Amino acid sequence: MNKPQIILGIETSCDETAAAVVQKTKDGVKILSNVVASSAVLQAKYGGVIPEQAAREQIKSIIPVIEESLQVSGYRHQDIDAIAVTYGPGLIGSLLVGVETAKTLATVWEKPLIPVNHLLGHFYANWITVHLPGVKAHLEGVTPQFPCLGLLVSGGHTDLVLFKDHGKYEYLGGTRDDAAGECFDKCARLLGLAYPGGPEISKLAKRGDPTKFHLPRPMIDSKDFDFSFSGLKTSVANLIHTFEVKKRSYTSKVKCDLAASIEQAIIDVLVAKTIKAAQKYKIKEIIVAGGVGANQKLANNLQFTIYNLQLKTKLHIPPPELCTDNAAMIATAAIFNYHPADPFILQAEPSLSL
Ligand code: KG4
Ligand code: ZN
């Protein structure tokens, strides 16, 4: 079998509808198009994602988004080598839209269909070396080397994974309750901020003092590589309640200080556990993935700790728009994990794990 060169990726695991065309290069992957349509206006109105509503929007936008991704790439569907699609984990209604569309197109266009685990897909944003014209790609063309340690920080997952090669990895630990992104989102809601909460907290945090409130760093010293963030959210809820009960002035300065303290507490735990895992397994490359990877302070704190401990560890973090959900990462994952499935058998798997 010839190695695939041009892949169309489709991603609909949460509220976004995304399609992208990528091309294999000598060392990494080049993005030819990367289209993402999200129901952001509806999310802001209802304070989150409503699964049924998200799926209904995705049914409307999936074909136009795929058409646009092909048109921008300059390739016709006849020219692509395969179709990659996220088949889990995610919202069942949303996954079905992408999976059934991909199965149909693969059958009609007679192309191989490559199912991709969304969580694994996030990590592959680190193998994208050439971005769209005018946008800087990850580390200007340097792809991660194995073995590497993966930190996945998305809205639903916080996991540490040891990668030995493409498709060969070992799960080291993960969250026992809320994910880091979920903690950002829930704390933002308590602060009356819009959804998604991570970028909103981060914005306020820039004007706040992260030492003002002493919030817990759950499991920071535990011997394993698990996480827990629900207690942090409860502490924030209690703190806000105290302000309300005592009628202390809940000023915008206080809000900024609280946002900065929340951000710092989450980041301290992520950095401590990641660095501990890198040291224990003597790993010289760390790859970050998922929406919270777009947080600049997380990147700065990780880099600072690596430098401070003189670890000589290389840190890979994709540009922000490739940290959050997109189809370019799904197509890229398919290039390095090329396992075609039968379109008459493939099913969406909402509870798929790594
Ligand atoms: O990976 P992602 O786009 O979707 C999932 O697969 O879940 O991650 C979304 C999460 C949300 O919780 C959002 O608040 C968080 O990523 N996020 C951020 C930032 N940008 C997105 N969290 C902190 N700082 C950011 N700049
Ligand atoms: Zn995701």
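Overview of the structure. Everything numeric in this text was worked out from a predicted model, so none of it was measured.

1. A closer look at the overall build of the protein chain
Right, so step 1: The number of helices and strands found in the protein chain is eleven helices and eleven strands.
Right, so step 2: Taken over C-alpha atoms, the radius of gyration comes to 20 Å for the protein chain, in line with the 20 Å a tight globule of 354 residues would show.
Right, so step 3: Taking the principal axes of the C-alpha coordinates as reference, the protein chain spans close to 65 × 45 × 40 Å.
Right, so step 4: When the 354 residues of the protein chain are sorted by exposure, 54% land in the buried category.
Right, so step 5: By sequence separation, contacts in the protein chain at least 24 residues apart represent 75% of the contacts at least 6 residues apart.
Right, so step 6: Taken as a whole, the protein chain presents about 15,700 Å² of accessible surface, with 55% of it coming from carbon and sulfur.
Right, so step 7: If you average the places of the 36 positive and of the 34 negative side-chain charges in the protein chain, the two averages end up 8 Å apart.

2. Looking at the state of the cysteines
Right, so step 1: What the rule picks out here adds up to zero disulfides.
Right, so step 2: Looking at the unpaired Cys 187, the closest cysteine sulfur is the one in Cys 183, lying at 4.1 Å.
Right, so step 3: Residue classification places Cys 187 among the buried positions, given a relative accessible area of 0%.
Right, so step 4: For Cys 256, which is in no disulfide, the shortest distance to another cysteine sulfur is to Cys 187 and amounts to 15 Å.

3. A word on the pattern of salt bridges
Right, so step 1: One pass over the full model with this rule turns up 14 salt bridges.
Right, so step 2: The partner of Asp 224 in a salt bridge is Arg 176, with the nearest N and O atoms 2.8 Å apart. One end of the pair, Asp 224, is in the loop between helix H6 (197–205) and helix H7 (230–245); the other, Arg 176, is in the loop between strand E9 (168–174) and helix H5 (180–190), with 48 residues separating them in the sequence.
Right, so step 3: Using a relative accessible area of 27% as the deciding quantity, one classes Asp 224 as partly exposed.

4. Digging into helix H3 (residues 92–109)
Right, so step 1: The end-to-end C-alpha separation of H3 is 25 Å, in line with the 26 Å expected for 18 residues at 1.5 Å each.
Right, so step 2: When H3 is considered as a whole, its buried residues turn out to be Ser 94, Leu 95, Val 97, Gly 98, Val 99, Thr 101, Ala 102, Lys 103, Leu 105, Ala 106 and Trp 109.
Right, so step 3: If you follow the buried residues of H3, they end up packed against strand E1 (6–11), helix H2 (51–73), strand E4 (82–88) and strand E5 (113–117).
Right, so step 4: Downstream of H3 by one or two residues, Glu 110 has phi in the positive range, about 55°.

5. A short note on the site of ligand 1
Right, so step 1: As a structural note, the neighbourhood of ligand 1 is formed by 20 residues, with His 122, Gly 155, Asp 185, Gly 198 and Gly 291 the closest of them.
Right, so step 2: A distance of 3.1 Å separates an oxygen atom of ligand 1 from a polar atom in the side chain of His 122.
Right, so step 3: Contacts to ligand 1 include Asp 325, whose backbone N or O atom sits 3.1 Å from an oxygen atom.
Right, so step 4: Relative to its unbound accessible surface of 560 Å², ligand 1 loses 87% to contact with the protein.
Right, so step 5: Counting atoms within 2 Å of the grid points, the majority share of ligand 1 lands in the largest pocket.
Right, so step 6: Among the secondary structure elements, those contributing two or more residues to the shell around ligand 1 are helix H4 (118–123), H5 and H6.
Right, so step 7: Residue composition of the shell around ligand 1, by class: six nonpolar, twelve polar and two charged.

6. A short note on the environment of Val 21
Right, so step 1: Along the chain, Val 21 falls in strand E2 (residues 17–24).
Right, so step 2: Sequence separation between Val 21 and Ile 83 is 62 residues, and the spatial gap between their C-alpha atoms is 9.3 Å.
Right, so step 3: Among residues more than four places away in sequence, those in contact with Val 21 are Ile 6, Ile 7, Leu 8, Lys 30, Ile 31, Leu 32, Ser 33, Ser 69, Leu 70 and Ser 73.

Analysis parameters
- Residues numbered from 1 in each chain as written.
- Chains lettered and ligands numbered in written order.
- Predicted model: local features only at pLDDT ≥ 70, side-chain atom pairs only at ≥ 80, totals over all residues.
- Heavy atoms only, no water.
- Helix = DSSP H or I, 4+ residues; strand = E, 2+ residues; numbered from the N terminus.
- Rg over C-alpha atoms; globule rule 2.2 N^0.38 Å.
- Buried < 20%, exposed > 50% of the residue type's maximum accessible area, 1.4 Å probe, protein only.
- Contact = heavy atoms within 4.5 Å.
- Areas by Shrake-Rupley, 256 points an atom, 1.4 Å probe, with all protein chains shown as cover.
- Lys, Arg positive; Asp, Glu negative; His and termini not counted.
- Charge placed at Lys NZ, Arg CZ, Asp CG, Glu CD.
- Disulfide = S-S within 2.5 Å.
- Salt bridge = Lys/Arg side-chain N within 4 Å of Asp/Glu carboxyl O.
- Expected span 1.5 Å × (residues − 1).
- Near = heavy atom within 4 Å.
- Polar contact = N/O pair within 3.5 Å; in protein donor to acceptor, adjacent residues only side chain to side chain.
- 1 Å grid on protein atoms, 1.4 Å probe; cavity = no way out; pocket = protein on both sides within 12 Å on 5 of 7 lines; lining within 4 Å.
- Sits in = over half its atoms within 2 Å of the grid points.
- Nonpolar A, V, L, I, M, F, W, Y, C, P; charged D, E, K, R; others polar.

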